[in-house]
Amino acid sequence: PIAEGPVIQEADLRTLQGGCTTDKLFDAIKEIKEQVNIPLVFMTYVNVIYRYGTEKFMARCVECGISGVIVPDCPYEERDELVPFCNKAGIDLIPLIAPTSEERITKIAKSAEGFVYVVSSLGVTGIRQNIATDLGAMTKLVKEATEVSEKNIAAAEAEAKLKAAKEEAVKA
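Cut-offs used in this document
- Residues numbered from 1 in each chain as written.
- Predicted model: local features only at pLDDT ≥ 70, side-chain atom pairs only at ≥ 80, totals over all residues.
- Heavy atoms only, no water.
- Salt bridge = Lys/Arg side-chain N within 4 Å of Asp/Glu carboxyl O.
- Helix = DSSP H or I, 4+ residues; strand = E, 2+ residues; numbered from the N terminus.
- Buried < 20%, exposed > 50% of the residue type's maximum accessible area, 1.4 Å probe, protein only.
- Phe/Tyr/Trp six-rings, centres within 6.5 Å; stacked < 30°, edge-to-face > 60°.
- Lys NZ or Arg CZ within 6 Å of the ring centre and 35° of its normal.

### Considerations on the pattern of salt bridges
Part 1 of the argument: Taken as a whole and assessed by the stated rule, the structure comprises seven salt bridges.
Part 2 of the argument: Here Asp-27 makes a salt bridge to Arg-60, at a shortest N to O gap of 2.9 Å. Separated by 33 residues along the polypeptide, Asp-27 in helix α2 (residues 22-33) and Arg-60 in helix α4 (residues 54-64) bring together distant segments of the chain.
Part 3 of the argument: Look at Arg-60 and you get buried, because its relative accessible area is 12%.
Part 4 of the argument: For Arg-104, the salt bridge identified is with Glu-77, shortest N-O distance 2.9 Å. Of this pair, Arg-104 sits in the loop between β4 (96-97) and α6 (105-110) while Glu-77 sits in the loop between β2 (66-70) and α5 (83-89), placing them 27 residues apart in sequence.
Part 5 of the argument: Relative accessible area serves as the criterion here: at 23%, Arg-104 is assigned to the partly exposed category.
Part 6 of the argument: Residue class for Glu-77 comes out partly exposed when judged on its relative accessible area of 47%.

### Side note on the packing of aromatic side chains
Part 1 of the argument: In this structure the tally under the stated criterion is five aromatic pairs.
Part 2 of the argument: With a centroid separation of 5.3 Å and 50° between ring planes, the pair formed by Phe-42 and Phe-57 is classed as tilted. With Phe-42 in strand β1 (residues 40-43) and Phe-57 in helix α4, this pair connects stretches of sequence that are 15 residues apart. In this structure, Phe-42 and Phe-57 share a single accessibility class: buried.
Part 3 of the argument: Centroid distance Tyr-52 to Phe-57: 6.0 Å. Interplanar angle 85°. Geometry classified as edge-to-face. With respect to burial, Tyr-52 and Phe-57 carry one shared label: buried.
Part 4 of the argument: Cluster of aromatic residues (ring-pair linked, three or more members): Phe-26, Phe-42, Tyr-52 and Phe-57.
Part 5 of the argument: Against the face of Tyr-52 rests Lys-56, its NZ or CZ located 4.6 Å from the ring centre.

Coordinates in, geometry out; function isn't part of it.
As structure tokens, then:
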């Protein structure tokens, strides 16, 4: 993992050492989906998708009821490598907008499907004393540029806060 702090890196290692594979994860998601009535989104790195086989990965997403994928290490400018496979499978490729996106925010938001994942801070994931990013300005630009609903933007912001809280709880 290239953007993960020590807490998530250690969790990843424990998971791999416990025998988790992409197929086992898909099987678990398939079971969970039967008990959940909200859209599920898979966040993974692009090498996992390529190694599994892009078409096969998207087909498994459909089979398991995954509505979208977030691929943090696939820059907007390279998303066309995944878009045809996502479109064919009916899977949303969720864009990320980071504090460094600046002039690209509008362009990225215009292409959004499902929702926009707004990255709250620079650096690896982990506990922060404070977040200096002007999230209000970022989300304002997103809202002006996209048809993605306010509810989905708010959900993405809430998810970022929940992720930070979980990391803090795991570390404690």
